[in-house]
Amino acid sequence: MRFLTKVTIVVAATLFSTQLFALPKHDPVPGGVAVIPVPLSTSAAHFNSRPVMLLKQGGEQYAIVGISLKTNPGDYPLELIHDRTGPTDQRQSNLNVAVGTKEYRVQRLTIANKRKVNPYKEDMDRIIRERNEMNKAFKSFDKLAQPATAFELPTEGPISSPFGLKRILNDQPRNPHSGLDIAAPTGTDIRAPAAGRVTAVGNYFFNGNTVLLDHGQGLISMYCHMSKTKVAIGDVLASGDLIGKVGQTGRVTGPHLHWSVSLNNARVNPNLFITETP
């Protein structure tokens, strides 16, 4: 395991502190993000027992809540913890997060390598080990005062599969598509959409060559199916730094980048974090 040096930590703090940040788009649906105004006294927030990002902008404070694709429409509590105002313990309160409905299209794909759809028994130990490794990165919550939240697209190309598609692989229903697929030729540059720290690098059974970046406060991005990776665990990247090259490793039908964004360990639509240029 690679450990961060004191110098690396200082560089990381500098990179993150100089990043532009913006509130993501408010879209409180399964796979979306809820931007909830909270009192300035709020020091922590939790949704479904997971820590939630807090951002300040224009003299106001907001809880930025990721909503899982598996969430049913309805009302859910956002638990707030407030700074202590006297000799008593910290005070707690709840706000309501109203999750609306969202219908996603169905996508049917044919995967030539049937083992990537129905893995062999001997593949399962590897799949479970890799899933645990990625889940550890997704559950990270680095308490940065100002996480990097203004994203750019990590590579150039048309969107071949949008977020949230209900996927049917070789006539078998599978989990919804939890990211954006960007079609591009093998070897096309993949660059960091915002400042981040590399927390996982691996060649995974389904995802192929993969990198995960931690942008702070539970905001994690993932890049899959690369032909080459150009970073190592512990590297601190600025926006635009090279992550790797587009490829077709893992479970794919052609060369592309699968880009996913996770917030409080919920996979959410990356488009909600992309900064719009005039």
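Residues numbered from 1 in each chain as written. Predicted model: local features only at pLDDT ≥ 70, side-chain atom pairs only at ≥ 80, totals over all residues. Heavy atoms only, no water.

A. Summary view of the environment of Arg-108. Position of Arg-108 among the secondary structure elements: in strand E8 (residues 106-109). According to the relative accessible area criterion, Arg-108 is exposed, its value standing at 60%. With 57 residues separating them in the primary sequence, Arg-108 and Leu-165 have C-alpha atoms 9.5 Å apart. (Helix = DSSP H or I, 4+ residues; strand = E, 2+ residues; numbered from the N terminus. Buried < 20%, exposed > 50% of the residue type's maximum accessible area, 1.4 Å probe, protein only.)

B. Here's a closer look at unusual backbone geometry. Here the phi dihedral of Asn-48 falls at roughly 55°; this positive angle occurs in a residue that is not glycine. Relative to the helices and strands, Asn-48 resides in the loop between strand E2 (42-47) and strand E3 (50-51).

C. Molecular detail of helix H2 (residues 124-138). With 15 residues, H2 ought to run about 21 Å at 1.5 Å a step, and its terminal C-alpha atoms sit 21 Å apart, in line with that. As for H2, its buried residues are in contact with strand E14 (196-204), strand E15 (208-216), strand E16 (219-226), strand E20 (256-263) and strand E21 (266-268). (Expected span 1.5 Å × (residues − 1). Contact = heavy atoms within 4.5 Å.)

D. Broad picture of the confidence of the model for the chain. The pLDDT averaged across the chain works out to 88; a share of 87% of its residues lies at or above 70. Within the model, the stretch residues 1-18 combines pLDDT values under 50 with 23 contacts to residues more than four positions away or in other chains. (pLDDT = per-residue confidence, 0-100.)

E. Highlighting the pattern of salt bridges. Inspection of every chain in the model, using the stated rule, returns 5 salt bridges. Where Glu-130 meets Arg-126, a salt bridge forms, and the shortest distance between an N and an O atom there is 2.6 Å. Separated by 4 residues within a single helix, Glu-130 and Arg-126 lie in helix H2, roughly one turn from each other. Residue class for Glu-130 comes out buried when judged on its relative accessible area of 7%. You can call Arg-126 partly exposed: its relative accessible area is 29%. A salt bridge links Asp-142 to Arg-197, with the shortest nitrogen-to-oxygen separation between them at 3.6 Å. On the criterion of sequence distance, the pair formed by Asp-142 in the loop between H2 and strand E9 (159-161) and Arg-197 in strand E14 is long-range, its members being 55 residues apart. Taken together, the shared-partner salt bridges connect Asp-142, Arg-197 and Asp-214 into one network. (Salt bridge = Lys/Arg side-chain N within 4 Å of Asp/Glu carboxyl O.)

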